Amino acid sequence: MRILTFCLLLFAATTGFAQQSYDLVIKGGHVIDPKNGIDGPMDVAVLDGKIARVAKDISATGAKQVVHADGMYITPGLIDIHGHVFYGTDRSNYLSNGSVAVVPDGFTFRVGVTTIVDAGGAGWKSFRMFKENIIDQAQTRVLSFLNIVGEGMRGGAYEQSTNDMDPKLAAQTASANRNYIVGFKLAHYDGHDWTGIERVTEAGRQADLPVLIDFGGSTPPLSIEELFLKRLRPGDIFAHTYTLLPGNVRETIVDEAAGKVKPFVWEARKRGINFEVGYGGASFNYSQAIPAVKEGFYPDAISTDLHTGSMNSSMKDQLSVMSKFLNMGMPLADVIEASTWKPATIIKRQELGNLSEGSEADIAILTMRKGNFGFYDKTGYKVEGDRKFECEMTIRGGRIVYDLNGIADPIYVRR
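In this text the structure is predicted, and so the values were computed from the model without any measurement. (Residues numbered from 1 in each chain as written. Predicted model: local features only at pLDDT ≥ 70, side-chain atom pairs only at ≥ 80, totals over all residues. Heavy atoms only, no water.)

Asker: Describe the confidence of the model for the protein chain, and please don't skip the residues or the numbers.
Answerer: Overall, the predicted model of the protein chain reaches an average pLDDT of 94, with 95% of residues at or above 70. Below a pLDDT of 50 lies the segment residues 4-18, which in the model reaches two contacts outside its immediate sequence neighbourhood of four places, other chains included. (pLDDT = per-residue confidence, 0-100. Contact = heavy atoms within 4.5 Å.)

Put into structure tokens, the structure is as follows:
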């Protein structure tokens, strides 16, 4: 009998007869995982909060939950590298412990976002409050571009104070909080000088982290050619790439008279400068985006600049911005990459934005609605589109945190 039992176990192990039990198996979907070069029908298995397997026809026998994702796209959890989630109750504080920012969990999971980076809400003076009140409380993974201004993004005179731009203290704060701070931010500085750029890039140099630059505000505008080719370092990030601001306070990347991306912008990309959307309430114009996309100048990171103003105007959410670029002609796989793996590499968090076996199971399941949709910008210019992303399910750390139509079987697992 012992010999027979041993032989049966050996047979099961060598033939695959024994079935692995998983916590969750997603069946029948189309996986797009740019890091691993996967773009086709695959199943995904999750065990103990990690991606256990990505393969064709994974058995769901014994799985605690099964999701049938026929006709849906399975992607890594989306990464929005430009949001404002330092929500607070001080109405005079703008995006730093203020009411214009939003609570992350209410606006991330429903659109497939599992990681959001707060773009400069907290400075080195206020980061501890941000961590305790927001980062530590959120189910969403919340990271931070630390503002070079110690007071953070409080608006007005606070953001013009070069005396509060301290590279050493900013770098020290980042070094002490490596798990959460992924870079530094300069925003809204309107001095006709390079002081803000010099201070924020010095912090980046000291901490070996990239910087995110919300540029412009001075009249006449400073040269973005000098910014790209002389002031920023490879790996640094230009925010609000496709905007045209009124009042001649910021140079554009597209020469609107010629309808072409300026040659030095292409050179900047070759040099390693990253370009993110940062759509916002006033930071996206089709007059810039359409010709850029037509030439193949796609964003490195599709992002929202999420706050109460942008989400209730033309921006809406991460999936809406992704849908706009898809309908402008950006290929589907590139749209997904610019919302997952590429932003992960930009913020130096390569453990994110992929479905590699052993990685944390952050997953978005998306449908592509077909119909007649209108996508407009801040000027009221509207582009008609026939495709639109919708989030069917979001999984964070192996746990279903959003299920639009109850497609999990069973919907709830007794723990």
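Next comes the rest of the write-up.
Asker: Describe in detail the environment of Gln65, supporting the description with residues and values.
Answerer: Looking at the secondary structure, you find Gln65 in strand β4 (residues 65-68). Gln65 sits 222 residues away from Ser287 along the chain, and the two C-alpha atoms are 47 Å apart. Apart from residues lying up to four places away in sequence, Gln65 is in contact with Asp23, Leu24, Val25, Ile400, Ala408, Asp409, Pro410, Ile411, Tyr412 and Val413. (Helix = DSSP H or I, 4+ residues; strand = E, 2+ residues; numbered from the N terminus.)

Asker: Summarise the nonpolar core; cite the residues concerned and give the values.
Answerer: With 84 residues, the main nonpolar core has Phe184, Phe228, Phe325 and Phe389 as its most contacted residues. For this core, the element with the most residues is helix α9 (residues 318-328), which contributes six residues. Those residues in contact with Phe228 that lie beyond four places of it in its chain are Phe238, Phe264, Val265, Ala268, Arg271, Ile273 and Phe275. In terms of nonpolar packing, the next biggest core, distinct from the first, is built from 21 residues, Ile38, Val54, Ala361 and Ile395 among them. (Core = buried A, V, L, I, M, F, W, Y, C linked by side-chain atoms within 4.5 Å. Buried < 20%, exposed > 50% of the residue type's maximum accessible area, 1.4 Å probe, protein only.)

Asker: Residues and numbers for the pairing of strand β16 (residues 382-396), please.
Answerer: Relative to β16, strand β15 (residues 363-376) runs antiparallel, the two sharing twelve bridges. Within β16, the residue paired with Leu366 across the bridge is Cys391. The turn linking β15 back onto β16 is made up of five residues, and Gly380 within it adopts a positive phi angle of 95 degrees. Both β16 and strand β17 (residues 399-403) contribute to a ladder of four bridges, which runs antiparallel. In the strand pairing of β17, Thr394 is matched with Tyr402. Counting the residues in the hairpin turn of β16 and β17 gives two residues, including Gly397, whose phi is positive at 60 degrees. (Pairing = 2+ DSSP bridges.)

Asker: Let's hear about the side chain of Arg349: which residues, and what values?
Answerer: With respect to the helices, strands and loops of the structure, Arg349 is situated in the loop between α11 (341-346) and β15. Within the buried set, Arg349 has no salt-bridge partner at all; the shortest N-O distance to an opposite charge, 4.2 Å, is to Glu351. Among the polar contacts made by the side chain of Arg349, one reaches the main-chain carbonyl oxygen of Asn179 at a distance of 3.1 Å. (Lys, Arg positive; Asp, Glu negative; His and termini not counted. Salt bridge = Lys/Arg side-chain N within 4 Å of Asp/Glu carboxyl O. Polar contact = N/O pair within 3.5 Å; in protein donor to acceptor, adjacent residues only side chain to side chain.)

Asker: Which residues make up helix α7 (residues 286-295), and what are the values?
Answerer: Looking at α7, one finds that the buried residues are Tyr286, Gln288, Ala289, Pro291, Ala292 and Val293. On its buried side, α7 packs onto β12 (254-255), β13 (260-261), α9, β15 and β16. Positive phi shows up at Gly296, right after α7, with a value of about 90 degrees.

Asker: Describe in detail the packing of α7 against α9, supporting the description with residues and values.
Answerer: Relative to each other, α7 and α9 sit at 50 degrees, their axes nearing to 10 Å. In this view, α7 runs oblique relative to α9, as classed from their interaxial angle. Between α7 and α9 the crossing geometry is right-handed. Where α7 abuts α9, its residues Tyr286, Ala289, Ile290 and Val293 lie against Lys324, Phe325 and Met328. Grouping the constituent residues of the contact of α7 with α9 by class yields six nonpolar, no polar and one charged. (Axes fitted to C-alpha atoms, helices over the stretch in contact; angles between N-to-C directions. Parallel < 35°, antiparallel > 145°, perpendicular 65-115°, else oblique. Left-handed = near helix turned anticlockwise from the far one by under 90°. Nonpolar A, V, L, I, M, F, W, Y, C, P; charged D, E, K, R; others polar.)

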